[in-house]
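Examination of the molecular architecture
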2 protein chains.
Amino acid sequence: MSLIPNFDAINQAAERIKPFAHRTPVLTSAWFNRETGGEIFFKCENFQKVGAFKFRGACNAIMKLPKREGEKGIVTHSSGNHAQAVALASKLAGYKATIVMPENAPKVKVNAVRGYGADIVFCESTIESREESAEKIILKTGATFIHPYNHPDVIAGQGTCALELLAEVPDLDVILAPVGGGGLMSGTLIAAKSINPNIKVFGVEPEFADDAWRSLNSGRIEQVLRTDSIADGLRTSLGSITFEIIQKHIDGIVTVSESSIIRDMRNIWERMKIIIEPSCSVPVSALIDGKLDVRGKKIGVILTGGNVDLDHLPW
Amino acid sequence: MSLIPNFDAINQAAERIKPFAHRTPVLTSAWFNRETGGEIFFKCENFQKVGAFKFRGACNAIMKLPKREGEKGIVTHSSGNHAQAVALASKLAGYKATIVMPENAPKVKVNAVRGYGADIVFCESTIESREESAEKIILKTGATFIHPYNHPDVIAGQGTCALELLAEVPDLDVILAPVGGGGLMSGTLIAAKSINPNIKVFGVEPEFADDAWRSLNSGRIEQVLRTDSIADGLRTSLGSITFEIIQKHIDGIVTVSESSIIRDMRNIWERMKIIIEPSCSVPVSALIDGKLDVRGKKIGVILTGGNVDLDHLPW
């Protein structure tokens, strides 16, 4: 059985998460249209439950579990939006979630996860320690591990975002989304190309986390080489499933500078009066910096999340 | 002729500004519903043109002018959202606007007004100096003065906000709005009580700018006694027209503390991922602090604007 979800899986995911997820609004901005010469439609996943698109994938994967499996518990390791997504989706399903988090995770994120009723197990801040801690729990309890992106049901859930966007603006020429682990991009590619094979889908990455761009060039999964991009949600390498989908379907990946990311995060706050996190403005910078020429075109941009520490803004 | 606009004037204003103003979205938040026990509908005027409801009133007043009057120019004095509103509405109408601003006005606001193509005349930071400067221009050019709130057409324009809110959520029990000069509150009262005489409309003020509350108690227009409320949009006393309307129709005014205003500004940023200015969270604080008991009720809250200096946040 292929691990690559098809368009049916995305449509089923949409039905499955409908009672739990928000159908987020699509906003426009005269200023961004003027600056880019295109017509931009912003799909606002910062208004999604837990403040990020991640809820779609986690919710689909958890709600799809047979009850007897879910009742043994849910496990993941994450210090980001996926942790909150798994915690809330588990709570809504009536399952017990355990989230493995690094000891140095920001207190605000630890509290958010705890607020959704999940147990937290702290580990050292290495990927090995995280995986080991998660495996221990799985061995002991039989809990199900929900990977943040390299998981068919998570990818199908993330695909529901493009499904909604294209239902609202059917004649988009281009869709842009950031690329971290590739879950959102994979779901977006399957949804968009199934609905309209002519639509162009581009990924955007920070220069400091350009692993997907390098992976496309080398033909194998490349690692993120530095950990200091302001776009903390994108410091992740692709997985086996997401790489396969992206390699097959994507129209290209471009990269943008750290200073552009911060500038356009602020531009969105000031011009659109909405709060987005740094990972979110990455595709917007590709437009503002002219990395993609979209003059005269209709462009969908997925704004991925709005979880920001208001005490530590990057300006 | 009465200077108090009637419901017809508000309906006409709605038609008049329709080609220029946004029909702003109404958002809800599970968190705020839980905290208050009511069902709150936030009318998001922070997404309005120029980032504030003020555009409605200025646009109505300026578009309503006979062409031969408008062509002599538009004048106002303001360092706040009304300045930007008059500048943009004049530009859209093809009229020349001159805005009198105090020399110490924040550069960001001066630039915003200039960005809309208006001329700026600087004056000393007293109300006398502002009025004198505006009068000089009027005498010289025959320009029309657009008062920020004590003006029938401005009041009618602000009333279109409640009109839209009640079109979207017809069965509201209560509407809340902040009270500064009283233009928004006056328009809201006329619109809401005309549509449904049983709807309750309450005003909310900062404790540091409780002039409208004192005016209701004393039966005459009281002045703002201090200038240090964080809610800079509300440091204004009522006008003769707005006082008459408010005195006649309002169901009550409550006040909230400065610390509550800042707390709930941040709560809205964090929970709803939208940017609002401090004046905006004033009615929200009345709900969170239990100054009004809204349990089991449907409440409309007008979020008035989102123009914030991101380099000087109050936390």
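Provided above is the structure to which this section pertains.
Quick summary incoming for the structure in this document. Remember, predicted model here, so these are calculated numbers, not experimental data. Just so you know, the residues in each chain are numbered from 1, in the order the chain's sequence is written. Just so you know, chain letters begin at A and ligand numbers begin at 1, following the order they were written in. The predicted origin of the model limits local features to residues at a pLDDT of at least 70 and limits the giving and counting of side-chain atom pairs to 80 or more, whereas totals for whole chains, interfaces and linings rest on all residues. Water and hydrogen atoms play no part in the side-chain values, which are based on all heavy atoms of the structure.

With that settled, the discussion passes to the pairing of strand E5 (residues 119–123) of chain B. Residue and element names in this part refer to chain B. As judged from the five bridges shared by strand E4 (residues 97–102) and E5, these two strands associate in the parallel manner. Counterpart to proline 102 in the pairing with E5 is cysteine 123. Crossover connection from E4 via helix H6 (residues 107–115) to parallel E5: handedness right-handed. Two strands pair under a simple rule: DSSP has to find at least two bridges between them. A run of H or I in DSSP becomes a helix once it reaches four residues, and a run of E becomes a strand once it reaches two; helices and strands are each numbered from the N terminus. Crossover handedness is defined by viewing with both strands directed away from the observer: a clockwise path from the first strand over the helix to the second marks the crossover as right-handed.

This part covers the nonpolar core. In this structure, Trp269(A) and Trp269(B) are the most contacted members of the largest nonpolar core, which totals 72 residues. Those residues in contact with Trp269(A), other than ones at most four positions away along the chain, are Ile274(A), Ile275(A), Ile276(A), Val308(A), Leu310(A), Leu313(A), Trp315(A), Trp269(B), Ile275(B) and Leu310(B). As used in this record, nonpolar core signifies buried Ala, Val, Leu, Ile, Met, Phe, Trp, Tyr and Cys residues forming a set joined through side-chain atoms within 4.5 Å. Residue burial is assigned from relative accessible area. The probe radius is 1.4 Å, only protein chains are included, and a residue is buried under 20% of its type maximum, exposed over 50%, and partly exposed in between. By the convention used here, residues are in contact when the closest approach between their heavy atoms is within 4.5 Å.

All names here are of chain B. Lines fitted to the C-alpha atoms define the axes, with helices restricted to the stretch that makes contact. Angles between their N-to-C directions range from 0 to 180 degrees. As a packed pair, helix H12 (residues 258–272) and helix H13 (residues 278–288) sit with axes 8 Å apart at the nearest point and diverge in direction by 100°. Comparing their axes, H13 and H12 come out roughly perpendicular. Where H12 approaches H13, its residues Ser260, Ile261, Arg263, Asp264, Met265 and Ile268 are matched on the opposing element by Pro278, Ser281, Val282, Val284, Ser285 and Ile288. Polar here means any residue other than Ala, Val, Leu, Ile, Met, Phe, Trp, Tyr, Cys and Pro, which are nonpolar, and Asp, Glu, Lys and Arg, which are charged; Gly is therefore polar. Tallied by class, the residues present in the contact of H12 with H13 amount to seven nonpolar, three polar and two charged. Convention used here: angles under 35 degrees read as roughly parallel, angles over 145 as roughly antiparallel, angles from 65 to 115 as roughly perpendicular, and any remaining angle as oblique.

Moving on to H12(B). Residues and elements named next belong to chain B. In a regular helix each residue adds 1.5 Å, so 15 residues correspond to 21 Å; H12 covers 21 Å between its end C-alpha atoms and thus fits that length. Those residues of H12 that sit buried are Glu258, Ser260, Ile261, Asp264, Met265, Arg266, Asn267, Ile268, Trp269 and Met272. One or two steps after H12, the chain reaches lysine 273, where phi turns positive at roughly 60°. A helix is expected to span 1.5 Å for every residue after the first.

Bringing the sheet that holds strand E10 (residues 298–303) of chain A into the picture now. Residues and elements named next belong to chain A. In space, the six strands of this open sheet follow the order E1-E2-E10-E7-E8-E9, with mixed pairing throughout. Of all the strands in the sheet, the pair left with one neighbour each is strand E1 (26–27) and strand E9 (252–256). By the bridge criterion, five bridges tie strand E7 (residues 174–178) to strand E8 (residues 200–206) in an arrangement that is parallel. When the sheet's bridge partners are listed, alanine 177 is paired in E8 with glycine 203. In this fold helix H8 (residues 152–168) packs onto E1, strand E2 (39–44), E7 and E10, with an angle of close to 135° to the strand it touches most, E2.

Superposing chain A onto chain B takes a rotation of 180° plus a shift of 0.0 Å along the axis, which leaves an RMSD of 0.0 Å. Within this description, the copies of the chain are treated as partners about a two-fold rotation axis. Among all residues of chain A, the minimum C-alpha distance to the rotation axis is found for Ile274(A), at 2.1 Å. Both copies contact each other with a shared surface, as 100% of the interface residues of chain A are interface residues in chain B too. C-alpha atoms of residues with pLDDT of at least 70 in both copies form the basis for the least-squares superposition of the copies.

Bringing a negative patch on the surface into the picture now. All names here are of chain A. Two distance rules govern patches: like charges are joined within 9 Å, and nonpolar side chains (Val, Leu, Ile, Met, Phe, Trp, Tyr) within 5 Å, applied only to residues with over 30% relative accessible area and no salt bridge. Using the Shrake-Rupley algorithm and a 1.4 Å probe, accessible areas are obtained, with residue cover drawn only from the displayed protein chains. Counted as salt bridges are all cases of a side-chain nitrogen of Lys or Arg within 4 Å of a carboxyl oxygen of Asp or Glu. His is not counted, nor are the chain ends, whereas Lys and Arg count as positive and Asp and Glu as negative. Charged groups are reduced to one reference atom each: NZ for lysine, CZ for arginine, CG for aspartic acid, CD for glutamic acid. On the surface, Glu103, Glu124, Glu128, Glu131, Glu132 and Glu135 cluster together into a patch of negative charge. Structurally, glutamate 128 can be placed in helix H7 (residues 127–141). You can call glutamate 128 exposed: its relative accessible area is 52%.

It is worth spelling out the interface of chain A and chain B at this point. Taken together, the contact between chain A and chain B spans 16 residues of the former and 16 residues of the latter. Between the two partners, chain A and chain B, sit two salt bridges. In the analysis that follows, any N or O atom pair within 3.5 Å is treated as a polar contact, provided that within protein one partner can donate a hydrogen and the other can accept it, and provided that, for residues neighboring in sequence, both atoms belong to side chains. Joining chain A to chain B, the criterion identifies 10 residue pairs in polar contact (both at pLDDT 80 or more). Of the residues that constitute the side of chain A that touches chain B, the class distribution is eight nonpolar, four polar and four charged.

On to the environment of Asp311(A). For Asp311(A), the location among the structural elements is in the segment after E10. Sequence-distant contacts of Asp311(A), defined by excluding residues within four places in its chain, comprise Arg266(B) and Trp315(B). Among the polar contacts listed, one links the side chain of Asp311(A) to the side chain of Arg266(B), at a separation of 2.9 Å.

All names here are of chain B. With respect to the element layout, alanine 105 can be found in the loop between E4 and H6. Look at alanine 105 and you get buried, because its relative accessible area is 11%. Between the alpha carbons of alanine 105 and serine 125 there is a distance of 8.5 Å; along the sequence they are 20 residues apart. The residues contacting alanine 105, other than those within four sequence positions of it, are Ser79 and Val110.

This part is about the pattern of salt bridges. Enumeration over the complete set of coordinates arrives at 38 salt bridges over all chains. A salt bridge links Glu270(A) to Arg266(A); the nearest nitrogen and oxygen atoms lie 3.2 Å apart. Pair noted here: Glu270(A) and Arg266(A) are both in helix H12 (residues 258–272), with a separation of four residues, about one helical turn. Judged by relative accessible area, which is 18%, Arg266(A) ranks as buried. A salt bridge links Lys43(B) to Glu164(B); the nearest nitrogen and oxygen atoms lie 2.7 Å apart.

Before going further, it helps to examine the sheet that holds E4(B). By way of backbone hydrogen bonds, the strands of a sheet pair with one another, either parallel or antiparallel. Residue and element names in this part refer to chain B. Spatial ordering of the open sheet is given by E5-E4-E3-E6, a layout of four strands whose pairing is parallel. In the strand order of this sheet, the two ends are held by E5 and strand E6 (144–145), each with one partner. Seen against the sheet, H6 touches E4 and E5 and runs at an angle of roughly 145° to E5. Helix-sheet contacts for helix H7 (residues 127–141) involve strand E3 (74–77), E4, E5 and E6, and the interaxial angle to E3 is about 175°.

In this description, an aromatic ring pair is defined by two values, namely the gap between the centres and the angle between the planes. Geometry of aromatic contacts follows a simple scheme: Phe, Tyr and Trp rings, the Trp one being its six-membered ring, pair when their centres are within 6.5 Å, and the pair is stacked under 30 degrees between planes, edge-to-face over 60, tilted otherwise. According to the stated counting rule, one finds seven aromatic pairs over all chains in the structure shown. On the basis of an interplanar angle of 90° and a centroid distance of 4.9 Å, the ring pair of Trp31(A) and Phe32(A) is categorised as edge-to-face. Of the two residues examined, Trp31(A) and Phe32(A), each falls in the buried class. With a centroid separation of 5.6 Å and 70° between ring planes, the pair formed by Phe32(A) and Phe42(A) is classed as edge-to-face. Placement of Phe32(A) in helix H2 (residues 30–36) and of Phe42(A) in strand E2 is noted, with a sequence separation of 10 residues between them. Taking relative accessible area as the criterion, Phe32(A) reaches 0% and is therefore assigned buried. Overall, Phe42(A) belongs to the buried group, its relative accessible area being 1%. Pairwise contacts between aromatic rings join Trp269(A), Trp315(A), Trp269(B) and Trp315(B) into one cluster. Throughout this description, the term charge over a ring refers to an Arg CZ or Lys NZ atom that lies within 6 Å of the ring centre and within 35 degrees of the ring normal. Over the ring of Phe208(A) we find Arg226(A), and its NZ or CZ is 3.5 Å from the ring centre.

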